[in-house]
Amino acid sequence: MTGQPTTYNTALYLRLSRDDGTDCESSSIQTQKEMLTRYARDNGFVPFRIYCDDGWSGTTANRPDFQRMLSDVENGKINCVITKDLSRLGRNYLECGTFTEVFFPEHNCRYIAITVAVVVVILIIAFRNHVVKAFVVDFLQFHKYILFDFKRGGSLTLWRAKTPVLRYSENG
């Protein structure tokens, strides 16, 4: 039916490649679990199931709980997967791309990496600041050259990379 909100059966997937040396769950896994649980509850992604591969490398998809989660997606038990970031899904970017761009969409499964938004915003701000800084520097250099040439000889010269591009003189 159109207009009804989608009900998500959500998987919270956690992964850490090296155990931190304790017999219990590693602290990073515990942090991921708390972060993802809070995100799921705050954003209405309940009920959810937790899938955890503690001590498994992300360079391969052959991880026990990851495979169990993929099977649950294929069987329609899960239609939303949430990770802390894309690297928790895996370290092989081609394989991750296959999951996010092919496998999940083919199974009508939404994928959310909760820290990606923060990284994207930081990159956008950094890029914007770089562009603004470059523009201001270019404008100040352009302004300086125009004023310098105009005062010097009554002519106006447009400079680009210290090379005159356009000249205008009142004297012809």
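Check the entry above for the structure.
The following paragraphs examine the structure supplied in this document. (Residues numbered from 1 in each chain as written. Predicted model: local features only at pLDDT ≥ 70, side-chain atom pairs only at ≥ 80, totals over all residues. Heavy atoms only, no water.)

1. Brief notes about the pattern of salt bridges
Selection criterion: Here a salt bridge means any side-chain nitrogen of Lys or Arg lying within 4 Å of a carboxyl oxygen belonging to Asp or Glu. Using a 1.4 Å probe on the protein chains alone, a residue whose accessible area is under 20% of its type maximum counts as buried, one over 50% counts as exposed, and one in between counts as partly exposed.
Tallied over the full model, the rule gives five salt bridges. Two residues, Asp72 and Lys77, come together in a salt bridge whose shortest N-O distance is 3.9 Å. Note that Arg88 and Asp85 form a salt bridge whose closest N and O atoms lie 3.7 Å from each other. With a relative accessible area of 9%, Arg88 lands in the buried category. Judged by its relative accessible area of 16%, Asp85 is buried. A cluster of three or more residues bridged by salt bridges with shared partners is formed by Arg49, Asp72 and Lys77.

2. Some remarks on the nonpolar core
Quick note on the threshold: In this description, a nonpolar core means a group of buried Ala, Val, Leu, Ile, Met, Phe, Trp, Tyr and Cys residues linked to one another through side-chain atoms lying within 4.5 Å. When checking whether two residues touch, look at their non-hydrogen atoms; a contact exists if any pair is within 4.5 Å.
Ranked by internal contacts, the top residues of the largest apolar core, which has 18 residues, are Phe66, Met69, Val73, Val81, Leu89, Phe99 and Phe104. Ignoring any residue separated from it by four or fewer positions in sequence, one finds Val73 in contact with Ile78, Val81, Phe103, Phe104, His107 and Cys109. Leu12, Cys80, Ile82 and Ile112 belong to the second largest nonpolar core, which has 12 residues in total.

3. Details of the packing of aromatic side chains
Stated precisely, the cut-off is as follows: Two rings belonging to Phe, Tyr or Trp (six-membered ring only in the last case) form a pair when the distance between their centres is within 6.5 Å. Interplanar angles under 30 degrees mark stacking, angles over 60 mark edge-to-face geometry, and anything in between is tilted. We count a stretch as a helix when DSSP gives it H or I for four or more residues in a row; a strand needs E for two or more, and each element gets its number in order from the N terminus.
Enumeration according to the criterion identifies eight aromatic pairs in this entry. Note on Tyr8 and Phe45: the rings are 5.5 Å apart at their centroids and 45° apart in plane angle, and the pair reads as tilted. One end of the pair, Tyr8, is in the segment before β1 (10-16); the other, Phe45, is in the loop between α1 (27-42) and β2 (48-54), and 37 residues separate them in sequence. Measuring from centroid to centroid gives 6.1 Å for Tyr39 and Phe45, while their planes differ by 10°, and the two rings are stacked. Phe45 sits in the buried class, given a relative accessible area of 5%. Counting every residue linked through ring pairs, the aromatic cluster contains Tyr13, Phe66, Phe99, Phe103, Phe104 and Tyr111.

4. Regarding the side chain of Arg88
Rule in force here: Definition of a polar contact: a pair of N or O atoms within 3.5 Å, with one able to donate and the other able to accept a hydrogen when the atoms are protein atoms, and with sequence-neighbouring residues admitted only if both atoms are side-chain atoms.
With respect to the helices, strands and loops of the structure, Arg88 is situated in helix α3 (residues 86-89). Side-chain polar atoms of Arg88 contact the side chain of Ser87, separated by 3.2 Å. When neighbours within four sequence positions are excluded, Arg88 is seen to be in contact with Tyr13, Arg15, Leu16, Gln32, Arg63 and Thr83.

5. A closer look at the sheet that holds β1
Across a sheet, paired strands are connected by hydrogen bonds in the backbone, their directions being either parallel or antiparallel. Cut-off, in case you're wondering: In this scheme, strands are said to pair when DSSP sees at least two bridges between them. For helices, the fitted axis covers only the stretch in contact; all axes are lines through C-alpha atoms, and the angles between them, taken along N-to-C directions, range from 0 to 180 degrees.
Read from one edge to the other, the open sheet built from four strands follows the order β2-β1-β3-β4, with strand pairing classed as parallel. Looking at the sheet topology across the chains shown, the edges are occupied by β2 and β4 (110-113). Between one strand axis and the next, the sheet turns through 20° on average, direction left out of account. Set on the sheet, helix α2 (residues 64-74) makes contact with β1, β2 and β3 (80-83); between it and β2 the angle comes to about 150°.

6. Some details on the environment of Leu36
Structurally, the position occupied by Leu36 is in helix α1. With 47 residues separating them along the chain, Leu36 and Thr83 place their C-alpha atoms 7.0 Å apart. Dropping the residues within four chain positions of it, Leu36 is found in contact with Leu12, Tyr13, Leu14, Ile82, Thr83, Lys84 and Ile114.

7. Details of the packing of α2 against helix α4 (residues 93-106)
The test is simple: In this count, Pro and Cys sit with the nonpolar residues alongside Ala, Val, Leu, Ile, Met, Phe, Trp and Tyr, while Asp, Glu, Lys and Arg are called charged and the others, Gly among them, polar.
Look at α2 against α4: their axes get within 10 Å of each other, and the N-to-C directions meet at 40°. On the side of α2, the interface is formed by Phe66, Leu70, Val73 and Glu74, while α4 contributes Phe99, Phe103 and Phe104. A per-class count over the contact of α2 with α4 returns six nonpolar, no polar and one charged.

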